[in-house]
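# Analysis of the macromolecular model
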Amino acid sequence: MPQLAESSLNLASEFPILAQRPGGRPLVYLDAASTSQKPRAVLDAMNEHYSKHNANVHRGLYSIAREADAAYQHARARVAAFTGASERATIFTKNVTEAINLVAYAWGRANVGAGDAVLITQMEHHANVVPWQMLCREREATLRYLEVDERGEVSLEALDSELARGDVRLVAFAHVSNVLGTINPVAEMIVRAHAAGALVLIDGAQAVPHMPVDVGALDADFYGWTGHKALGPTGIGVLHGRTEILEQMPPFLTGGDMISSVDFFESSWNELPHKFEAGTPPIAEAVGLAAAVDFLSAIGMPRVRAHEQALTAYMLERLAEIPGLRIVGPPEAERRGGLASFTIEGMHAHDIAELADRAGVCLRAGHHCAQPLMRRLGVSATARASVAVHTEPSDIDALIAALHGAREVFGL
Ligand SMILES: Cc1ncc(COP(=O)(O)O)c(C=O)c1O
């Protein structure tokens, strides 16, 4: 496959965990959509931070505290630059789930009321469903869904007709589906939502780690993503917001660091982004995430995307060899992120993943925190293989061999 050879990155040696050989076989990690493995650069950056510069931020008057402060600020600058956002409007959260909850609580409780609607799609992760269910129930607003069609896509015409009802305050959807792989036409969806006077929140958990994303150019009102899927550590996520909206919003979590002053019965809020970062922030995690985005930037996000798209095309082609295997989502690699969710007739998804594990292949199986979508697809679970910068064609070959082996175990 010349296309594969050209786009090959050969980065597995940068990921220490991949040097393991469980049962004497290479570790074939095809679960980056769940959480990514971490390159040595990220592990080293965090180790160096804890070994040499560890102190709390925003309050130290000694040298390592100033270094920690500088490291945290530098991390924000790197992360904001990676996605084309401003530093003031780049808030560190615990993960994308917390980023979405921040918007649902701080913006939603102040701006959504009876008679209003929040519009999401049937392909959302629970992180982009449950906060809106809670908001709509509490504020007597309506939650509506854009349908997912047979190809695993939503229609812009359906979006237009929902918006034409005139009550939609917010449209919230995934940039890339974690089950279908679908890359939504985000730019077009944002333009249409804005034309109808609605705000837009994008869940970029499966997009930012895998393709160029320019939050500034997209012009979304809120864009969230999660560090641990982007080669960074767990415990840190990002919310980019539109500055004017963030300034008007009340705080979400309250306490230390997010205040400008506190009196016995009144407090005033700190500047952005600190207003939304209550308590000691994830300092070492920010340092790790900055190292992760630097690692990705050094490769170049267009190359990351080209590599993963070529692997996805190869994976789709090879999966088609397995009898009884059905892939959900768009059939074309260029319309999907680097993952494939599938069922195999006669086998439960958990059995597929368990038997793949015996061959050293790590897959995800279950509802992928997208139970409404599973209902829409008429399945209880799927198995999912997902790729990352370290994935090579040999990993896909190992997957295919493992699936043939699993079918044999089941006598299929
Ligand atoms: C599309 C999408 N949104 C949200 C999440 C939640 O991410 P986190 O658990 O890091 O908040 C995930 C994780 O699987 C995801 O794939």
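Structure shown above.
Residues numbered from 1 in each chain as written. Predicted model: local features only at pLDDT ≥ 70, side-chain atom pairs only at ≥ 80, totals over all residues. Heavy atoms only, no water.

Every residue near the ligand is listed here: Asn 95, Val 96, Thr 97, His 125, Ala 127, Asn 178, Asp 203, Ala 205, Gln 206, Thr 226, His 228 and Lys 229. At 3.4 Å from an oxygen atom of the ligand is found a main-chain nitrogen or oxygen belonging to Val 96. Expressed as a share of its isolated accessible area of 390 Å², the protein-covered part of the ligand is 87%. Comparing atom positions with the cavity grids shows the ligand to sit within the largest pocket. Taken together, the residues of the shell around the ligand sort by class into three nonpolar, seven polar and two charged. (Near = heavy atom within 4 Å. Polar contact = N/O pair within 3.5 Å; in protein donor to acceptor, adjacent residues only side chain to side chain. Areas by Shrake-Rupley, 256 points an atom, 1.4 Å probe, with all protein chains shown as cover. 1 Å grid on protein atoms, 1.4 Å probe; cavity = no way out; pocket = protein on both sides within 12 Å on 5 of 7 lines; lining within 4 Å. Sits in = over half its atoms within 2 Å of the grid points. Nonpolar A, V, L, I, M, F, W, Y, C, P; charged D, E, K, R; others polar.)

A sheet is described by the order of its strands in space; here four strands give the open sequence S11-S12-S15-S14, paired in antiparallel fashion. Each edge of the sheet is formed by a strand with only one pairing partner; in this case those strands are strand S11 (325–328) and strand S14 (364–366). Taken over all neighbouring pairs, the strand axes of this sheet differ in orientation by 30° on average, direction set aside. The pairing of S14 with strand S15 (residues 382–386) spans three bridges and is antiparallel. What sits directly across from Arg 364, in S15, is Arg 384. Across the sheet, helix H11 (residues 301–319) touches S11, strand S12 (339–344) and S15, and the angle it forms with S12 is around 10°. (Pairing = 2+ DSSP bridges. Helix = DSSP H or I, 4+ residues; strand = E, 2+ residues; numbered from the N terminus. Axes fitted to C-alpha atoms, helices over the stretch in contact; angles between N-to-C directions. Contact = heavy atoms within 4.5 Å.)

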